[in-house]
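Chain residues, written in single-letter form:
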Amino acid sequence: MTGGGVRAVVRKLRGKTIEIKSNGELDAMRAAGAVVASTLTLLEGAARPGVSTAELDESAEQSIRDAGAVPSFLGYHGFPGSICTSVNHQIVHGIPDPEQVLADGDLLSIDCGAILDGWHGDAAVTIEVGAVGETDRKLSAACRSALHAGIEAAQPGGRLTDISHTVESAVLAAAAVDGVEYGIVADYGGHGIGTAMHMDPFLPNIGKPGRGPRLVAGMALAIEPMLTAGSHLTEELDDGWTVVTLDRSRAVHWEHTVAITPDGPVVLTTS
Ligand code: MG
Ligand code: MG
């Protein structure tokens, strides 16, 4: 899931405390992250035309519980699913639905979180259902490469918005190569993570470098760019959850939980 809301950012940037983990605690987070990673791998294989997002949700919950973990999204502020499934113009926080059946060419973003031994992992992928168009493939690739650029920017001794700036710069570079403009969603972003899913600090996906808290070993951040093929403006649907693009352009979302270590960033949501 995403951290949320520009208004919340301003509040949170004042007087925040950031959880610092020991090496053993980061190992525990890596175990939680592995559950998330294996569940997403399972879903990547299962997301085919004709499959509903509710079926994927059932598979995800089973995978998480089989690993001895708990789906962190289920019941989170009343969220009814174990994963978020956001299709096409839905950006994030989409609710799994038996009526929502995947079709060839859909872009499906799946956000997954798990708690294992009290520690959280949180990651998201955008899946190409069947054969998607070239522009959609490029959009998703741009977001994924921006995520990885952002991860590389999570260096001890740096500052939080070094990550934000690197993500933004990577998106702009990809857009230049692709000959298009991508919208970078600013209403939602990354977050600290550890003993809770959403912790300080909020991590924007745009901004000037060199600002915000200093990055130190033992911090863990969910880094999660969201891009659109059009406007960056968003709207929340009447279901109280699903965030869509205001112009109904397609959207993508990639996320990893990342630890900052003395040797640099380490992705925790990997198998
Ligand atoms: Mg998140
Ligand atoms: Mg997430």
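Everything below is about the structure printed above this text.
Conventions and cut-offs
Residues numbered from 1 in each chain as written. Chains lettered and ligands numbered in written order. Predicted model: local features only at pLDDT ≥ 70, side-chain atom pairs only at ≥ 80, totals over all residues. Heavy atoms only, no water. Helix = DSSP H or I, 4+ residues; strand = E, 2+ residues; numbered from the N terminus. Buried < 20%, exposed > 50% of the residue type's maximum accessible area, 1.4 Å probe, protein only. Contact = heavy atoms within 4.5 Å. Areas by Shrake-Rupley, 256 points an atom, 1.4 Å probe, with all protein chains shown as cover. Pairing = 2+ DSSP bridges. Phe/Tyr/Trp six-rings, centres within 6.5 Å; stacked < 30°, edge-to-face > 60°. Axes fitted to C-alpha atoms, helices over the stretch in contact; angles between N-to-C directions. Parallel < 35°, antiparallel > 145°, perpendicular 65-115°, else oblique. Left-handed = near helix turned anticlockwise from the far one by under 90°. Polar contact = N/O pair within 3.5 Å; in protein donor to acceptor, adjacent residues only side chain to side chain.

A. Main features of the overall build of the chain. Along the chain, the regular secondary structure elements total five helices and 16 strands. Along the three orthogonal principal directions, the C-alpha set of the chain runs to about 45 × 45 × 30 Å. Every one of the 271 residues in the chain was classed for burial, and the buried ones make up 52%. The contacts in the chain between residues at least 6 apart in sequence include a share of 72% that link residues at least 24 apart. Here the chain displays about 10,800 Å² of accessible surface, and carbon together with sulfur accounts for 52% of that area.

B. How the structure looks around the pairing of strand β3 (residues 83-87). Across the five residues that make up β3, a large majority, five, are buried. Side-chain alternation along β3 places I83, T85 and V87 on one buried face and C84 and S86 on a second face that is also buried. As judged from the five bridges shared by β3 and strand β5 (residues 107-116), these two strands associate in the antiparallel manner. Each bridged residue has a counterpart across the sheet, and for V87 the counterpart in β5 is L108.

C. Highlighting the packing of aromatic side chains. Enumeration over the complete set of coordinates arrives at one aromatic pair. Taken together, a centroid distance of 4.9 Å and an interplanar angle of 80° make the contact between F79 and W241 edge-to-face. Of this pair, F79 sits in the loop between β2 (70-71) and β3 while W241 is found in the loop between β12 (234-236) and β13 (243-245), placing the two residues 162 residues apart along the sequence. Here F79 and W241 have matching classes, each one buried.

D. Local environment of unusual backbone geometry. A cis amide bond links D200 to the next residue, P201, at an omega of 0°. For P201, the position within the fold is in strand β9 (residues 199-203). Not every positive phi belongs to a glycine, and H77 is a case in point at roughly 50°. Here H77 lies in the loop between β2 and β3. We note that D117 has phi near 50°; this positive angle belongs to a residue other than glycine. Here D117 lies in the loop between β5 and β6 (119-128).

E. Local environment of the sheet that holds strand β14 (residues 251-253). Within the open sheet, the three strands sit side by side as β7-β11-β14. Their pairing is antiparallel. At either end of the open sheet lies a strand with only one pairing partner, and these are β7 (183-184) and β14.

F. How the structure looks around the packing of helix α4 (residues 134-152) against helix α5 (residues 160-178). The contact between α4 and α5 brings their axes to 8 Å, and the two run at 150°. It follows from the interaxial angle that α4 and α5 lie roughly antiparallel. For the pair α4 and α5, the crossing hand works out as right-handed. Along its contact with α4, which presents K138, A142, A146, A149 and G150, the element α5 presents I163, T166, V167, A170, V171, A174 and D178.

G. Just the side chain of D122, in detail. For D122, the location among the structural elements is in strand β6. D122 sits in the buried class, given a relative accessible area of 0%. In this structure the side chain of D122 is engaged in a polar contact, spanning 3.0 Å, whose partner is the side chain of H191.

H. Structural view of the sheet that holds β12. Here three strands make up an open sheet; going across it, the order is β4-β13-β12 and the pairing antiparallel. One side of each edge strand has no neighbouring strand; the edge strands of this open sheet are β4 (90-92) and β12. For this sheet, the mean inter-axis angle between neighbouring strands, taken without regard to orientation, is 40°. Note: β4 against β13, two bridges, orientation antiparallel. By the bridge assignment for β13, Q90 is matched with V244.

These figures come from the coordinates and say nothing about function on their own.
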